[in-house]
Amino acid sequence: MTDRSTPPAVRRRWTVAVLGYVAMLGLLAQLRGALLPSFAADFPVSEAELGLVSTAGSVGFLLAVAVAGAIVGRVDVRRGLLVALVALGGCLVLVSVSPTYLALLGGLVVLGLSTGVLHGFDRPILSHLHPDSRARTFNLQDMVWAVGATLGPILALLAVEFANWRVAYLVAGVCTIPLAALVYRLELPASIDAEQGLPLAELVTLLRRPTVAWLAAAMLLLSFVEGGFFTWLPYYASDIFGRRAGTLSLAAYLAAYVPARYAFSRLAGRVPNLDLVLGGSLLATVMLAVAFVFARGAAIFGAIVVVGFLVAGMFPTLLARGTNEMPEHSGPINAVALGSSSFGFLVFPATMGVVAERTSIGTAMRLLIPVMLAFAVLVAVVRARNGAAA
């Protein structure tokens, strides 16, 4: 069953619009890591300073997604999306002409503000359009994100091969024009009025609820793993196989997200959520050890793709569980999940950069093994206390 208060044609158009810009956000999220070797070649910076690319992109995102998630029920969502898309296009053009590394970081901060607003609205909108199939909808939404994310490294590779990294951001900026035009023609879905926003101060109270607290902790640990891959995998693989193969390694990792999120969307209604996530996280811990400790040559690529498949559906599956418990606060729940995740992207890739500079990039990548294990332990503890469906 779906939202009955919104006409089917309006619901379809909104779903297409949201999924369209979600694909764009996936593409943008993966440009940074894919272009990291190009940033290193263009700007005289250390590996620790390169790690700030993820931090810069996450600062603005963290602020914007927290505000957007808290106020989604009290603002004109259509107008907010339109302003964010126009701002996004302008920011992408500015990033493409960054004269210095400091200017690039500043542009990524502002870019994060626009993407944070868009991400702060996407799941609340879909949650109200499809209230009885949230786990499936969120996994399908993230499958669309994964399609866009897979195209990010490919766009980066084509830009570097035929021009330079700046062209990738310029092309992405042009792509925001049809998305803004589509949103401009939409009418606001009636069901969004059911959303109850929260004052920012009350988000702290929300975090004290056990479900929200463990969800935030799980998302933080998961973001350490995903942030490490998104930011450093091309750099790590380039060091072993060369720049072209390094960029394609991220595309291969992300390509696994597409079938994985479809699989998770199908399994979410048949297998208890925590069983699904726990099994995947334990196997992912093993495969991380294979990839960064034991494997050599092409076997590294194979292990990386398996990790991508296993990790892919964990975020939307856990988020759907939290949203199902408090559907009237889907915006704040989304803000908590994305806020925890973006904080992880803010701190952990930069930490890996410091470790890489002082030791090696291989040592930095091996940090992902204990993090994934800690995530599995957390899920196991929650499952033991609350049951598999918790």
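## A look at the environment of Ser58
Here Ser58 shows up in helix α4 (residues 52–71). By relative accessible area, Ser58 is classed as buried at 4%. Each C-alpha atom of the pair Ser58 and Gly344 lies 8.7 Å from the other, and the pair is 286 residues apart in sequence. Beyond its immediate chain neighbours, meaning those up to four positions away, Ser58 contacts Ser342, Phe345 and Leu346.

## What about the packing of aromatic side chains?
Any aromatic ring pair is given by two values, namely how distant the centres are and how the planes are angled relative to each other. If you walk through the whole model with that rule in mind, you get 16 aromatic pairs. Seen in terms of ring centroids, Phe229 and Phe292 are 5.9 Å apart; in terms of plane orientation they differ by 40°. Their pairing is tilted. Taken together, the residues span a long stretch of sequence, with Phe229 in helix α10 (residues 210–241) and Phe292 in helix α13 (residues 273–294) at a distance of 63 residues. Note on accessibility: Phe229 and Phe292 belong to one class, buried. Here the basic side chain of Arg78 rests over the ring of Tyr184, its NZ or CZ set 5.5 Å away from the ring centre.

## A word on the pattern of salt bridges
Enumeration over the complete set of coordinates arrives at two salt bridges. Arg383 is the salt-bridge partner of Asp275, the closest N and O atoms lying 2.4 Å from each other. Here the residue Asp275 occupies a position in helix α13, and Arg383 occupies one in helix α18 (residues 368–386), the gap between them amounting to 108 residues. On the basis of relative accessible area, Arg383 is assigned to the partly exposed category, the value being 32%.

## Topic: the nonpolar core
Ranked by internal contacts, the top residues of the largest apolar core, which has 118 residues, are Tyr21, Phe39, Tyr169, Phe229, Tyr253 and Phe375. At 15 residues, the largest contribution of residues to this core is made by α10. In contact with Tyr21, other than residues within four places in its own chain, are Leu81, Leu85, Leu118, Phe121, Asp122 and Leu179.

## Examining the packing of helix α1 (residues 8–34) against α10
Contact geometry for α1 and α10: axes closest at 7 Å, N-to-C directions at 40°. By the angle between their directions, the pair α1 and α10 is classed as oblique. In this structure, the crossing between α1 and α10 has a hand that is right-handed. Taking contact as the criterion, the partners of Gln30, Gly33 and Ala34 in α1 are, on α10, Phe230, Thr231 and Pro234. Broken down by class, the residue content of the contact of α1 with α10 amounts to three nonpolar, three polar and no charged.

## Digging into the side chain of Glu226
As for its position among the elements, Glu226 is in helix α10. An unpaired buried charge is present at Glu226: no salt bridge exists, and Arg261, the closest side chain of opposite charge, is 4.2 Å distant. Once residues lying within four places of it in the same chain are set aside, the contact partners of Glu226 are Tyr257, Arg261, Val311 and Phe345.

## Quick look at the environment of Leu310
Residue placement: Leu310 occurs in helix α14 (residues 298–312). A residue is classified by how much of its surface remains accessible, and Leu310, at 11% relative accessible area, is buried. Note: C-alpha distance between Leu310 and Thr285 (25 residues apart in sequence) is 9.8 Å. Those residues in contact with Leu310 that lie beyond four places of it in its chain are Phe264, Gly280, Leu283, Ala284 and Met287.

## Describing a nonpolar patch on the surface
Side chains of Val147, Leu151, Ile154, Leu158 and Phe162 sit close together on the surface and give an oily, nonpolar patch of about 490 Å² of accessible area. One can find Phe162 in helix α7 (residues 134–162). Taking the relative accessible area as the measure of exposure, Phe162 reaches 71% and is therefore exposed.

## Describing α18
Under the 1.5 Å per step criterion, the end-to-end length of α18 is 27 Å for 19 residues, consistent within 8% with the ideal 27 Å. Those residues of α18 that fall on the buried side of the exposure criterion are Leu368, Ile369, Val371, Met372, Phe375, Ala376, Leu378, Val379 and Val382.

## What about the packing of α1 against helix α5 (residues 77–96)?
α5 packs onto α1 with a crossing angle of 30° between their chain directions and a minimal axis gap of 13 Å. Taken as axis vectors, α1 and α5 run roughly parallel relative to one another. Seen from above, α1 lies across α5 with left-handed handedness. Of the residues in α5, those in contact with Trp14, Tyr21, Met24 and Leu28 of α1 are Arg78, Leu81, Leu85, Leu88 and Leu92. Residues of the contact of α1 with α5, tallied by class, amount to eight nonpolar, no polar and one charged.

Reading guide: rules and limits
Residues numbered from 1 in each chain as written. Predicted model: local features only at pLDDT ≥ 70, side-chain atom pairs only at ≥ 80, totals over all residues. Heavy atoms only, no water. Helix = DSSP H or I, 4+ residues; strand = E, 2+ residues; numbered from the N terminus. Buried < 20%, exposed > 50% of the residue type's maximum accessible area, 1.4 Å probe, protein only. Contact = heavy atoms within 4.5 Å. Phe/Tyr/Trp six-rings, centres within 6.5 Å; stacked < 30°, edge-to-face > 60°. Lys NZ or Arg CZ within 6 Å of the ring centre and 35° of its normal. Salt bridge = Lys/Arg side-chain N within 4 Å of Asp/Glu carboxyl O. Core = buried A, V, L, I, M, F, W, Y, C linked by side-chain atoms within 4.5 Å. Axes fitted to C-alpha atoms, helices over the stretch in contact; angles between N-to-C directions. Parallel < 35°, antiparallel > 145°, perpendicular 65-115°, else oblique. Left-handed = near helix turned anticlockwise from the far one by under 90°. Nonpolar A, V, L, I, M, F, W, Y, C, P; charged D, E, K, R; others polar. Lys, Arg positive; Asp, Glu negative; His and termini not counted. Patch = residues over 30% accessible without salt bridge, like charges linked within 9 Å, V, L, I, M, F, W, Y side chains within 5 Å. Areas by Shrake-Rupley, 256 points an atom, 1.4 Å probe, with all protein chains shown as cover. Expected span 1.5 Å × (residues − 1).

By themselves, these observations are geometric and do not establish any function.
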